[in-house]
Amino acid sequence: MSLVRQPAGDLSAADAGRRVLLRGWVGRRRDLGDLIFLTLRDRSGVVQVLFEKTRSGEPAVARAGEARAEDVVEIEGEVAPRAAAQVNREIATGEIEVVASRLEFLSRSETPPFLPEDRTNATEELRLEHRYIDLRRPAMLSNFVLRDEIAFRVRRTLHEKGFLEVETPMLTKSTPEGARDYLVPSRVHPGKFYALPQSPQLFKQILMVSGFERYFQIARCFRDEDLRADRQPEFTQIDIEMSFAGEDDVFGVVEAVLAAAFGAAGIEAVAPFPRLAYAEAMERYGTDRPDLRYELPLVSLTASASGGGFAPFEKAISTGGEVRGLRVPAGAAVSRKKLDDWSELAKSHGAAGLVWAKRSGGETTSPAKKTLGDAALERILEAAQVGDGDLLLAIADRSGVASAALAALRGAAARETGALDPAKHAFCWVTEFPLFGRDDQTNAWFPMNHPFTSPRGEDLDFLESEPGRVRARAYDVVMDGEELGSGSIRIHRADVQERVFRALGISEAEGRERFGFLLDALKYGAPPHGGIALGLDRICMIAAGAGSLRDVIAFPKTTSGTCLMTGSPSSVQPSQLEELAISPVRRSDS
């Protein structure tokens, strides 16, 4: 009877005495002459294999002596318990080894540019260039096992709640709403283009009009935008849409999905999540992605700082800005060097500078003390409730700049003072976003979410007269200061959609050209509906404790949007361009 292949990592002491067939990659080799040890790795884990002349035979020992790292081999042998002194507690199979009787090379490996071990000195560029080796590292494999489990749990949860998984087109109409589209030329329609979807937004709304009621898709999306560590040109989102649903209905489904997803990593998501209105989040934390694992709320100091004669404060206040502060409990111990670093951090977020003050042992110290004067400084410290041993950080600038700088400082202070417990996690909803933002350069209104987001009913009358006052039925779900997903209740009436387009400066003709099919659909009995898009890549990154999205995406791009393994993007043959009726345009260096 022939042997059936056995996963190496599944072997245990209970298998002692069994003959097994193993296939996998050679890890390390220890050659002691007549005694050779190999580690054999497959997807299930690693096991030690022993080649010994009297039990394995000379041919097997000789072949083992030729084995190199990353050779692919087939090994036959018998599972044997290790002596107590030789048990390896660092691996799951550490109580046993396989005494080999046969080794066959299935494929030989050249010397790899780096070994696929978790502790590696290889640069990220080298790892991405040889991604097939990088993905052999146990930590990377573990990330993708976790990603698979998360996706499975998401699908199961949504199926249990009555959602249908529906695929939407990858080749669609260009309707740019923020980021640039990736365009795909049509060979059979020269001069015309498809676009890769930035999201399935319009199609999932059409599915609601079609009566599907509950849709989801684990969808691939594409955005031609500048990249960061947490952005990729192609990404995956958990796309959800529900008919006859309000905010509470969407929140309940999403909380169940996230509880299932993060449960795969042993992270508890306790529902219901706290809710904060956008205005409250910005006032208290300076960001619409607040990290609620710690407190450290911001405080307004404009009233107490006004009239003190301190030029940076007076300038900000006189030009419509404000003075905002952050009390850091026990922050008086923060070093001057660290405060200098924080000053640079504030400047990187647009602030002109950082003003700080400490109270320690009854003494107050601050670089601004001489200019401000004791009385003015004390008035500000009292307004911020700064006690002995505390630190005050203050920013004077435009409201948005002050908020952004203090939000960054809040996170830095939490990490520095131990207020942040990395083992703790906190979820929340941020609601009632403004429907529109205003461009500082053009003074034009733009959608804070997308132009299909429903205004709050009580604010509809302001659409034409005061667009800036209109609040959206939009919401974000946030975890540990990271946005996991963004969604809204949608506009389901064609007349309201047309009013929103007009507020955005989209003419009737442009609206028909870009979104005519949606406007038509809304006229044929569209149910109230809403949904959300959750970032699967980001969920997996946080669940795995990875430092970058690239560690949970099998074949990611670099921050310049290139694939180092395949060398894309790349040039194509002139004949291909000719067939597509495209003439390349070379940009000048000027």
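These numbers were taken from a predicted model, which means no experiment stands behind them. (Residues numbered from 1 in each chain as written. Predicted model: local features only at pLDDT ≥ 70, side-chain atom pairs only at ≥ 80, totals over all residues. Heavy atoms only, no water.)

1. Regarding the nonpolar core
Core analysis: the biggest nonpolar cluster contains 42 residues, and Phe262 and Leu534 have the highest contact counts within it. Ranked by residue count, the leading element in this core is helix α7 (residues 247-263), at 8 residues. Setting aside chain neighbours within four positions, we find Leu534 in contact with Thr236, Gln237, Ile238, Ile240, Val254, Val257, Leu258, Val477, Leu484, Gly485 and Ile539. (Core = buried A, V, L, I, M, F, W, Y, C linked by side-chain atoms within 4.5 Å. Buried < 20%, exposed > 50% of the residue type's maximum accessible area, 1.4 Å probe, protein only. Helix = DSSP H or I, 4+ residues; strand = E, 2+ residues; numbered from the N terminus. Contact = heavy atoms within 4.5 Å.)

2. A closer look at the packing of helix α11 (residues 336-348) against helix α14 (residues 399-417)
It is at 9 Å that the axes of α11 and α14 come closest, and there the two elements cross at 150°. With respect to α14, the element α11 is oriented roughly antiparallel. Considering the relative orientation of α11 and α14, their crossing is right-handed. Between α11 and α14, the residues in contact are Lys338, Trp342, Leu345 and Ala346 and Ala405, Ala408, Leu409, Ala412, Ala413 and Glu416, respectively. Of the residues assigned to the contact of α11 with α14, the class counts are 8 nonpolar, no polar and 2 charged. (Axes fitted to C-alpha atoms, helices over the stretch in contact; angles between N-to-C directions. Parallel < 35°, antiparallel > 145°, perpendicular 65-115°, else oblique. Left-handed = near helix turned anticlockwise from the far one by under 90°. Nonpolar A, V, L, I, M, F, W, Y, C, P; charged D, E, K, R; others polar.)

3. Some details on the sheet that holds strand β3 (residues 45-52)
Spatially, the 5 strands close up into a barrel ordered β1-β2-β3-β5-β4, and their pairing is mixed. Here the average twist between neighbouring strands, direction ignored, is 55°. Relative to β3, strand β2 (residues 35-42) runs antiparallel, the two being bridged by 8 bridges. In the sheet register, Leu38 faces β3, and the bridge partner there is Val49. In the packing of helix α2 (residues 58-65) onto the sheet, the strands contacted are β1 (19-31), β2, β3 and β5 (96-107), and the crossing angle to β5 comes to about 70°. (Pairing = 2+ DSSP bridges.)

4. What to know about the environment of Ala85
By secondary structure assignment, the location of Ala85 is in the loop between β4 (72-81) and β5. For Ala85, a relative accessible area of 80% translates into the label exposed. As a C-alpha pair, Ala85 and Val496 span 411 residues in sequence and 76 Å in three-dimensional space.

5. Considerations on helix α8 (residues 278-285)
Of the residues making up α8, those classed as buried are Tyr278, Ala281 and Tyr285. The buried residues of α8 occupy an angular sector of 70° when the element is viewed end-on, so they sit on one face. Residues of α8 that are buried in the fold lie against β11 (275-277), β12 (298-300), α14 and β17 (427-431). Immediately beyond the C-terminal end of α8, within one or two residues, lies Gly286, with a positive phi of roughly 80°. (Arc of directions from axis to C-beta.)

6. Let's talk about the sheet that holds strand β10 (residues 234-243)
Taken in spatial order, the 8 strands make up an open sheet running β6-β9-β10-β22-β21-β20-β17-β11, and their pairing is mixed. The open sheet has two edge strands, β6 (164-165) and β11, and neither has a second partner. Direction of pairing for β10 relative to strand β22 (residues 529-535): antiparallel, over a ladder of 7 bridges. Of the residues in β22, the one forming a bridge with Ile240 is Ile532. The sheet contacts of helix α6 (residues 201-209) involve β9 (214-222), β10 and β22, and relative to β10 the element is tilted by about 20°. Most of the contacts of α7 go to β22, to which it runs at about 25°, and overall it touches β9, β10, β11, β17, β20 (474-479), β21 (482-489) and β22.

7. Examining the packing of aromatic side chains
One pass over the structure, following the stated rule, counts 11 aromatic pairs. Ring centres of Phe273 and Phe427 lie 4.9 Å apart, and the angle between their planes is 20°; on these two criteria the pair is classed as stacked. Pair noted here: Phe273 is in the loop between α7 and β11 and Phe427 is in strand β17, with a separation of 154 residues, a long-range link. When the centroid spacing of 4.7 Å and the interplanar angle of 85° are considered together, the rings of Phe310 and Phe313 count as edge-to-face. Of the two residues, Phe310 and Phe313, both sit in the buried class. Grouping aromatic residues by their ring pairs yields a cluster made of Phe251, Trp429 and Tyr475. Cation over ring: Arg108 sits above Phe105, and NZ or CZ is 3.9 Å from the ring centre. (Phe/Tyr/Trp six-rings, centres within 6.5 Å; stacked < 30°, edge-to-face > 60°. Lys NZ or Arg CZ within 6 Å of the ring centre and 35° of its normal.)

8. What to know about the pairing of β5
For a regular strand, the rule is simple: side chains alternate between the two faces of the sheet. Bridge count for β3 against β5 is 2 bridges, and the pairing is parallel. Each residue of the ladder has a partner; that of Val49, found in β5, is Val98. Pairing of β4 with β5, which is carried by 10 bridges, proceeds in the antiparallel orientation. If you follow Glu76 over to β5, its bridge partner there is Arg102.

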